Amino acid sequence: MRGCPVVTEPAGQPLGPGPGSTATGDGLLGRRRRRWLKGSALALAVLVVAAAGAGWVVYARLSANITPDEAAAAELARYERERPTALVRGAQNILLIGSDTRAGDGNDEYGRDLGSERSDTTILLHLAADRRSATAVSLPRDLMVDVPGCRRPDGSRSEPVFAMFNYAFEVGGSACTIRTVEKLTGIRVDHHMVVDFSGFKEMVDAVDGVQVCLKEPMNDKAAKLKLPAGPVTLDGEQALGYVRARKSLGNGSDTDRMERQQRFLGALVDKVQSSDVLLNPVKLYPVLDAATSSLTTDPELASLRGLYQLVRGLRDIPTERVQFLTVPRESYVHNANRDQLVEPAAGKLFALLRADQPVAVARDLPENTPGTGAPDGTASGASPAPTFSGNTAAEHACE
């Protein structure tokens, strides 16, 4: 190669000591050591750069999975003056919406895409300011509520109406659902997440299934489920059928289904926390990939950085402090197939969450009032915190 002189030694003769070397051979060893160190440093640098590059690719891919809900952000900004004020610094309220859309990859097998979607499941998740507890409150889709006038997907606006809760998502998407929840509870919704059928299934499969316990065999043709009684580990497809089944399990009510969804989510939380998923990158990546796929969030959360800032303190919450309950409800006075809030129990629950005050749950409470426990919606014992009917992520139905 021109400009690069090549130095050779006579065949069979050792390479002579160069300037600065010693007659004992230390110079030769020193040069070899320096060459090895330089080579190792170069190799290490290449590995670091490669790792950083791979990390960036992974980060970019996972972040790109998340769809920012810009339309909802704009709509909520329009009504900022009417929204509740956050009362406790550091506390967070996240609205989790399970969409029953048939649009999108893998969702069409659950029915025809009628051009609209409803909130099949809606949970208001309250994270305490000290991050020592999390309380998830299910809101029945059949709950009769005041739905405000909302922007439709075509740009027109609906009229305010008294209707079932899941109508809000159908007519105005996540923004309308958030405004309905804030009007109902007086609680400021800081963030929201919308996940569809495919995202739910992939999340369950990513953790190698979730175990539930069935008190009796299940054979539901609509849900495509045929399961034995006792402990069963469900894959993603089975889990979706399990949490959506209504007629073949329990008393067939939506309240019973919500309780089953809560127990399943508790088992999912327990599975993630009790395994080494969070500490093993090989296991963590598919979980993150599944969790972010088919996920739509407010713009602030629509990146791994945003999600990390939200959940970084959650891994230290013990499973017994991750609580699930359904808002105190009863049959609607004008239609037994609809729900209405039980007062003053529901108001007391919302006030506690607004003020970031402790809430306790228990499975077995007096049945003085349907779905609530004592007449005021709480247990009458000496518990330091008002107790509502519910369960925790530490409870297992098979035990």
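Heads up: the structure comes first, above all this text.
Here, residues in each chain are numbered from 1, in the same order as that chain's written sequence. The predicted nature of this model means local features are confined to residues of pLDDT at least 70 and side-chain atom pairs, given and counted, to a pLDDT of 80 or more, with totals for whole chains, interfaces and linings taken over all residues. Side-chain figures throughout are based on the complete set of non-hydrogen atoms in the structure, without hydrogens or water.

1. Notes on the environment of leucine 310
With respect to the helices, strands and loops of the structure, leucine 310 is situated in helix 8 (residues 304-311). Working definition: with a 1.4 Å probe on protein chains only, accessible area under 20% of the residue-type maximum means buried, over 50% means exposed, and in between means partly exposed. Given the relative accessible area of 8%, leucine 310 is considered buried. Note: C-alpha distance between leucine 310 and histidine 191 (119 residues apart in sequence) is 9.6 Å. Contacts: residue pairs with any heavy atoms within 4.5 Å of one another. Each residue touching leucine 310, except ones within four places of it in the same chain, is listed here: Gln92, Ile94, Leu127, Arg131, His191, Met193 and Leu301. Put simply, DSSP H or I for four residues or longer makes a helix, DSSP E for two residues or longer makes a strand, and each gets a number counted from the N terminus.

2. Re empty space enclosed by the protein
A pocket, in this scheme, is an open set of points on a 1 Å grid over the protein atoms alone with protein on both sides within 12 Å along at least 5 of 7 lines, while a cavity is a set where a 1.4 Å probe fits but cannot get out; residues line either one if an atom lies within 4 Å of a point. Grid points are joined across faces, edges and corners, and a volume is the space filled by probe spheres set on the points. Under the criterion given, the structure shown has 2 cavities of 30 Å³ or more. Taken as a whole, the largest cavity holds about 100 Å³ of empty space. Lining the largest cavity are 13 residues; nearest its centre among them are Ala86, Leu87, Val88, Asn93 and Arg354. By the convention adopted, Pro, Cys, Tyr, Trp, Phe, Met, Ile, Leu, Val and Ala count as nonpolar, Lys, Arg, Asp and Glu as charged, and the other residues, Gly among them, as polar. Tallied by class, residues from the lining of the largest cavity come to 6 nonpolar, 4 polar and 3 charged.

3. What to know about the state of the cysteines
Note on disulfides: each one is a pair of cysteine sulfur atoms within 2.5 Å. For the structure on display, the rule yields 1 disulfide. Residue cysteine 150 pairs covalently with cysteine 176 via a disulfide, S to S 2.1 Å. Sign of the S-S torsion, about 75° for the bond between cysteine 150 and cysteine 176, identifies this disulfide as right-handed. Linking cysteine 150 in the loop between strand 5 (144-147) and strand 6 (161-164) with cysteine 176 in helix 3 (residues 167-185), this pair joins segments that are 26 residues apart in sequence. You'll find cysteine 150 and cysteine 176 in the same group, each marked buried.

4. Here's the deal with the pattern of salt bridges
The salt bridge criterion pairs a side-chain nitrogen of Lys or Arg with a carboxyl oxygen of Asp or Glu, the two atoms within 4 Å. For the structure on display, the rule yields 7 salt bridges. Of the charged contacts, one joins glutamate 80 and arginine 83 as a salt bridge, the two residues approaching to 3.8 Å between their closest N and O atoms. Owing to a relative accessible area of 36%, glutamate 80 belongs among the partly exposed residues under this scheme. Of the charged contacts, one joins arginine 188 and glutamate 80 as a salt bridge, the two residues approaching to 2.9 Å between their closest N and O atoms.

5. Quick word on the packing of aromatic side chains
Here the distance between the centres and the angle between the planes together describe a pair of aromatic rings. Each pair of aromatic rings taken from Phe, Tyr and Trp, with Trp reduced to its six-membered ring, is defined by centres within 6.5 Å and is described as stacked if the planes are under 30 degrees apart, edge-to-face if over 60, and tilted in the remaining cases. Applying the stated criterion across every chain yields a total of 3 aromatic pairs. Judged by centre distance (5.7 Å) and plane angle (45°), the rings of phenylalanine 200 and phenylalanine 264 are tilted. Of the two residues, phenylalanine 200 is situated in helix 4 (residues 197-206) and phenylalanine 264 in helix 6 (residues 254-274); the sequence distance between them amounts to 64 residues. An identical accessibility class is assigned to phenylalanine 200 and phenylalanine 264; each is buried. On the numbers, 6.3 Å between centres and 50° between planes, the contact of tyrosine 242 with phenylalanine 264 is tilted. Residue tyrosine 242 is found in helix 5 (residues 236-244), and its partner phenylalanine 264 is found in helix 6; the two are separated by 22 residues along the sequence.

6. Quick notes on the nonpolar core
Across soluble globular proteins, nonpolar side chains show a tendency to be buried alongside one another. Core analysis: the biggest nonpolar cluster contains 33 residues, and Leu95, Val327 and Leu349 have the highest contact counts within it. When residues of this core are traced back to their parent elements, those giving at least two are helix 2 (70-78), strand 2 (92-99), strand 5, helix 3 and helix 9 (345-354). Among the elements that line this core, the one with the most residues is helix 3, at 7 residues. Setting aside residues no more than four positions away along its own chain, leucine 95 makes contact with Thr122, Ile123, Leu124, Thr177, Ile178, Val181, Val189, His191, His192 and Met193. In this text, buried Ala, Val, Leu, Ile, Met, Phe, Trp, Tyr and Cys residues form a nonpolar core when linked through side-chain atoms within 4.5 Å.

7. Description of helix 4
The element helix 4 is extensively covered by neighbouring structure, given that 8 of its 10 residues are classed as buried. Along helix 4, the residues that are buried comprise Phe197, Ser198, Gly199, Phe200, Lys201, Met203, Val204 and Ala206. A 3.5 Å cut-off defines polar contacts: any pair of N or O atoms within that distance qualifies, except that in protein one atom must be a possible hydrogen donor and the other a possible acceptor, and neighbouring residues in sequence count only when both atoms are side-chain atoms. Regarding helix 4, its N-cap is aspartate 196, as a side-chain oxygen of that residue lies 3.1 Å from the backbone nitrogen of serine 198 further along.

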